[in-house]
Amino acid sequence: MEDPSVSPSNKNKEIIARLYQTGVFSLKSAVSYVAKELHLSKNTVYLHLRSLNGKYDQ
């Protein structure tokens with residue numbers, strides 16, 4: 001949240017991307033936990049994860 005190189009509008013997306021890279025989302029209930037901590041809906045977290053899958057699966 002304090003990284004000045006990330007614009008405020010992309011903070012949540014960047015946090016989700018970094019968690020994805022570390023494998024956090026392979027854990028049970030990770031999406032629900034992350035959504036709650038970032039004050040987002042689970043659908044929003046899944047939206048960001050879908051966009052990341054295209055980047056990292058190529």
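Residues numbered from 1 in each chain as written. Predicted model: local features only at pLDDT ≥ 70, side-chain atom pairs only at ≥ 80, totals over all residues. Heavy atoms only, no water.

Participant: Help me understand the side chain of H48, please; the structure alone is not making it clear to me.
Facilitator: Mapped onto the fold, H48 is located in helix α3 (residues 42–56). Ignoring anything within four residues of it in the chain, the contact list for H48 reads K13 and I16. (Helix = DSSP H or I, 4+ residues; strand = E, 2+ residues; numbered from the N terminus. Contact = heavy atoms within 4.5 Å.)

Participant: Before we go on, may I ask you to explain the nonpolar core in this structure?
Facilitator: Here is a general trend for soluble globular proteins: nonpolar side chains tend to be buried in one another's company. Core analysis: the largest hydrophobic core is formed by 12 residues, namely I15, I16, A17, F25, A30, V31, V34, A35, L38, V45, L49 and L52. Mapped onto this core, the elements with two or more residues apiece are α1 (11–21), α2 (30–38) and α3. For this core, the element with the highest residue contribution is α2, accounting for five residues. Setting aside its immediate chain neighbours within four residues, V34 contacts I16, L19 and F25. (Core = buried A, V, L, I, M, F, W, Y, C linked by side-chain atoms within 4.5 Å. Buried < 20%, exposed > 50% of the residue type's maximum accessible area, 1.4 Å probe, protein only.)

Participant: Honestly, α1 in this entry has me stumped. Any pointers?
Facilitator: It helps to recall that an α-helix has 3.6 residues per turn; residues three or four apart then point in one direction. All of the buried residues in α1 are K11, I15, I16 and A17. Of the residues trailing α1, G23 is marked for its positive phi of about 85°.

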